[in-house]
Amino acid sequence: SYLVGLIASDGSLLDQDWLVNITSVDERYLRSVRWAIGSRGCIGKKRNGSGRLAYFLNVKSKVLWNRLVEIGVTPRKSLTIGALAVPDAQFNNFFRGVIDGDGNIRRWRHPTNGREQWVVRIYGCSEPFLAWIRETTRRVWRIEGALHHDSDATGKRHTKYTLKYGKLAAKILLAECYYPGALALERKRKLAH
């Protein structure tokens, strides 16, 4: 379920050769993902759009590729992905994968009262996918998230959406998702704790 969340948010299915791709700036993390799924997929280097070095994990597996499609992850999914077949009992692992993929965890001190604040945000271009996540977190954990669209979309090809969980909701979902021993991107695990 973690892998499904990671691929649904920040991975891709390539049409040719049953290839599943995951990209990260953290090579060690990709090695731990590869080990966790029992794959011998290759890890390579590439430059992202801003020229920053990144790593990719390519897993060639017809079984994995077809299973992801059955769940609802498809090639060219960024704008078309919607609700996925993820069991409620595994939603915490799925959601951790989404956070590690296209999410962020931010903490800061409130400038006027000095109290610690935090927020969890998930970014994407598919409103139905983020709306499904929002409804599932409401049903499973009884927490509310706010779904926003990019108000400055003029001249952009696609509207971008942000699903935002404030302090109390973030506290609940981070405790559910980042439990001891769970596979996670280390920098986000530290922020979650």
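Residue indices begin from 1 for each chain and proceed along its sequence in written order. Side-chain atom pairs in this predicted model are given and counted only at pLDDT of 80 or more, local residue features only at pLDDT of at least 70, and totals for whole chains, interfaces and linings cover all residues. Calculated side-chain values reflect all of the structure's heavy atoms, with hydrogen atoms and water omitted.

**Focus: the overall build of the chain**
If you tally the helices and strands in the chain, you get seven helices and eight strands. Only the C-alpha atoms count toward the radius of gyration. The rule for a globule is 2.2 Å times the residue count to the power 0.38. Computed over C-alpha atoms, the radius of gyration of the chain comes to 17 Å, within 12% of the 16 Å expected from 2.2 N^0.38 for 193 residues, which places it in the range of a compact globule. When the backbone C-alpha atoms are referred to their principal axes, the chain occupies close to 55 × 40 × 40 Å. Buried residues are those whose accessible area, probed at 1.4 Å on protein chains only, stays under 20% of the maximum for their type, while exposed residues exceed 50% and partly exposed ones sit between those limits. Among the 193 residues that make up the chain, the fraction classed as buried is 44%. Note on contacts: a residue pair qualifies if any of its non-hydrogen atoms lie within 4.5 Å across the two residues. Contacts spanning at least 24 positions in sequence make up 62% of the contacts within the chain whose residues lie at least 6 apart. Carbon and sulfur atoms provide 50% of the accessible area of the chain, an area that totals close to 10800 Å². Only DSSP runs of H or I with at least four residues qualify as helices, and only runs of E with at least two residues qualify as strands; both kinds are numbered from the N terminus onward. For the area figures, the Shrake-Rupley method with a 1.4 Å probe applies, and any residue is considered shielded solely by the protein chains shown.

**Structural notes on the sheet that holds strand 6 (residues 116-124)**
The rule for pairing is simple: two strands pair if DSSP sees at least two bridges between them. The four strands lie next to each other as 5-6-8-7, forming an open sheet whose pairing is antiparallel. Two strands lie at the open edges of the sheet, namely strand 5 (103-109) and strand 7 (146-149), each paired on one side alone. Sheet twist, expressed as the mean angle between neighbouring strand axes with direction ignored, is 25°. Judged from the seven bridges that link them, strand 5 and strand 6 form a sheet pairing that is antiparallel. By the bridge assignment for strand 6, Ile 105 is matched with Val 120. Convention adopted: a line fitted to C-alpha atoms gives each axis, helices being fitted over their contacting stretch, and angles between N-to-C directions are expressed from 0 to 180 degrees. The sheet strands contacting helix 4 (residues 91-102) are strand 5, strand 6 and strand 8 (161-165), and the helix crosses strand 6 at an angle near 85°.

**Quick word on the sheet that holds strand 3 (residues 42-47)**
What the four strands build is an open sheet, ordered 1-2-4-3; its pairing is antiparallel. The open sheet has two free edges, formed respectively by strand 1 (11-14) and strand 3, since each of these has just one partner strand. Across the sheet, the mean angle from the axis of one strand to that of its neighbour is 30°, orientation sign disregarded. When strand 1 meets strand 2 (residues 19-24), the two strands line up antiparallel, connected through four bridges. Each residue of the ladder has a partner; that of Leu 14, found in strand 2, is Leu 19. Of the strands in this sheet, strand 1 and strand 2 touch helix 1 (residues 2-10), which is tilted by about 85° from strand 1.

**Some words on the pattern of salt bridges**
Take a side-chain nitrogen of Lys or Arg and a carboxyl oxygen of Asp or Glu: if they are within 4 Å of each other, that pair is a salt bridge. Per the stated rule, a full pass over the model turns up seven salt bridges. Put simply, Glu 135 and Arg 138 hold a salt bridge, and the shortest N to O gap is 2.7 Å. Linking Glu 135 with Arg 138, this pair stays in helix 5 (residues 127-141), spanning three residues, or about one helical turn. Glu 135 sits in the partly exposed class, given a relative accessible area of 38%.

**Considering the confidence of the model for the chain**
Caution applies to low-pLDDT regions: their predicted coordinates should not be interpreted in detail. One confidence number per residue, pLDDT, is output by the predictor and ranges from 0 to 100. This prediction gives the chain a mean pLDDT of 90; 97% of its residues lie at or above 70. Ranking the helices and strands of the chain by mean pLDDT puts helix 5 first, with 96, and strand 1 last, with 88.

**Describing the nonpolar core**
Note that soluble globular proteins tend to have their nonpolar side chains buried in a common cluster. Core analysis: the largest hydrophobic core is formed by 49 residues, its most contacted members being Leu 84, Phe 94, Phe 95, Phe 129 and Ile 133. Sorting elements by how many residues they give to this core places helix 1 first, with six residues. The residues contacting Leu 84, other than those within four sequence positions of it, are Val 4, Ala 8, Ile 71, Gly 72, Val 73, Phe 94, Phe 129 and Trp 132. The nonpolar core is taken to be a set of buried Ala, Val, Leu, Ile, Met, Phe, Trp, Tyr and Cys residues, with the residues joined through side-chain atoms within 4.5 Å.

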